[in-house]
Structure formats: C-alpha cells, structure tokens
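Coordinate inspection notes
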Amino acid sequence: PGDQRRGGGEWERPRTLSEISVAALLGGFFAFYSGPFPQHLTAVSIRLGEIGLLKTVFPSAKLWRLCIEDPFETHSSHRPHDLGIHLGENGQSQISSCLKKARNLMWECFAKE
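Below is a summary of the structure that appears in this document. Residue numbering note: each chain is counted from 1, following its sequence as written. In view of the model being predicted, local features appear only for residues whose pLDDT reaches at least 70, and side-chain atom pairs are presented and counted only at 80 or more, with totals across whole chains, interfaces and linings using the full set of residues. Excluding hydrogens and water, the side-chain values take into account all heavy atoms of the structure.

1. Some points on the overall build of the chain
- In terms of regular secondary structure, the chain is built from two helices and three strands.
- Starting at the N terminus, helices and strands are each numbered in turn, a helix being any DSSP run of H or I of at least four residues and a strand any DSSP run of E of at least two. Seen in sequence order, the chain has helices and strands lined up from the N terminus as α-β-β-β-α.
- Seen along its three principal axes, the alpha-carbon backbone of the chain occupies a region of about 50 × 40 × 20 Å.
- Only protein chains enter the accessibility calculation, which uses a 1.4 Å probe. A residue is then buried if its area is under 20% of the maximum for its type, exposed if over 50%, and partly exposed in between. Counting all 113 residues of the chain, 25% fall into the buried class.
- Residues are treated as being in contact if the distance between any of their heavy atoms lies within 4.5 Å. Contacts spanning at least 24 positions in sequence make up 34% of the contacts within the chain whose residues lie at least 6 apart.
- On the chain, roughly 7800 Å² of surface is accessible, and the fraction owed to carbon and sulfur atoms is 59%.
- Neither His nor the chain termini are counted; the positive set is Lys and Arg, and the negative set is Asp and Glu. Where a charge sits is defined by one atom per residue type, namely NZ (Lys), CZ (Arg), CG (Asp) or CD (Glu). Seen as two clouds, the 13 positive and the 12 negative side-chain charges of the chain have centres 4 Å apart. Residue-level accessible areas treat just the shown protein chains as cover; the underlying method is Shrake-Rupley with a 1.4 Å probe.

2. Topic: the pairing of strand β2 (residues 50-54)
- Bridge count for strand β1 (residues 42-45) against β2 is three bridges, and the pairing is antiparallel. For A43, the partnering residue across the bridge sits in β2 and is L53.
- Counting the residues that bridge the hairpin from β1 to β2 gives four residues, and of these G49 lies at a positive phi of roughly 70°. Pairing between strands is defined by DSSP: at least two bridges between them are needed.

3. Considering helix α2 (residues 89-112)
- Taking 1.5 Å per residue as the helical rise, α2 with its 24 residues ought to reach 34 Å, and the 35 Å between its terminal C-alpha atoms agrees with that figure.
- Buried residues belonging to α2 abut α1 (22-33). The span expected for a helix works out to 1.5 Å for each residue beyond the first.

4. Observations concerning the environment of F32
- Inspection of the secondary structure assignment puts F32 in helix α1.
- On the basis of relative accessibility, which here comes to 27%, the residue F32 falls in the partly exposed class.

Next comes the structure, spelled out in structure tokens:
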C-alpha cells in the first residue's frame, strides 16, 4: 500500500501528500532522519521509498552508522552494496549533526511564515 511506484519503477507522490509543499517535505525529511529513523535496525532504501529493509541483508552494516541501499546493486542482487560503508564514526557524527542543523533551520523558516 505504501509503494507509489509507477510501472517503470519511478516513485510518484501519494495523493494524500499532493497539497504539501516541497519545503515541508524537505523539512520532514530532515526531521525524520535526524530523529526517529531507526538507523540501528533499518537501511535507507531509495528504491523502495520506505524503511522496511533490515540492515541484516548487508554484511558490512554497522549499528552506529547509516546503511543506504545502493539503488543499482540492491539487497537482492548478487553483490548487495551499502553506500554507508564509506562512513567512519566521525563522518557519521558530522552527518547526524548536519541533519539536526538542517532540521532546526527548516523549523525556523516555518516559524517565520
């Protein structure tokens, strides 16, 4: 039900979100990935557009960092690729910090409207 991909695999915005501005969607992205996203359990899947992909499908996954499914070498391919493998602890810390900063800046922008 959450899968809004067209026949060719392209994601389409659900009708329930059609009235929400791109700025609000971006703010929601930063709010989600800087807070409630369960990065210790699940992988980011751009291809699926949801968080239903467990980190356990990637042998290289670490509990302390983001795990991002390569949209071309997916979890079910002969060689699944986690794009987050290149993150060290300092890099993960910087990404987390930047996501929180972006969330706060977006909230400030919305508060001014």
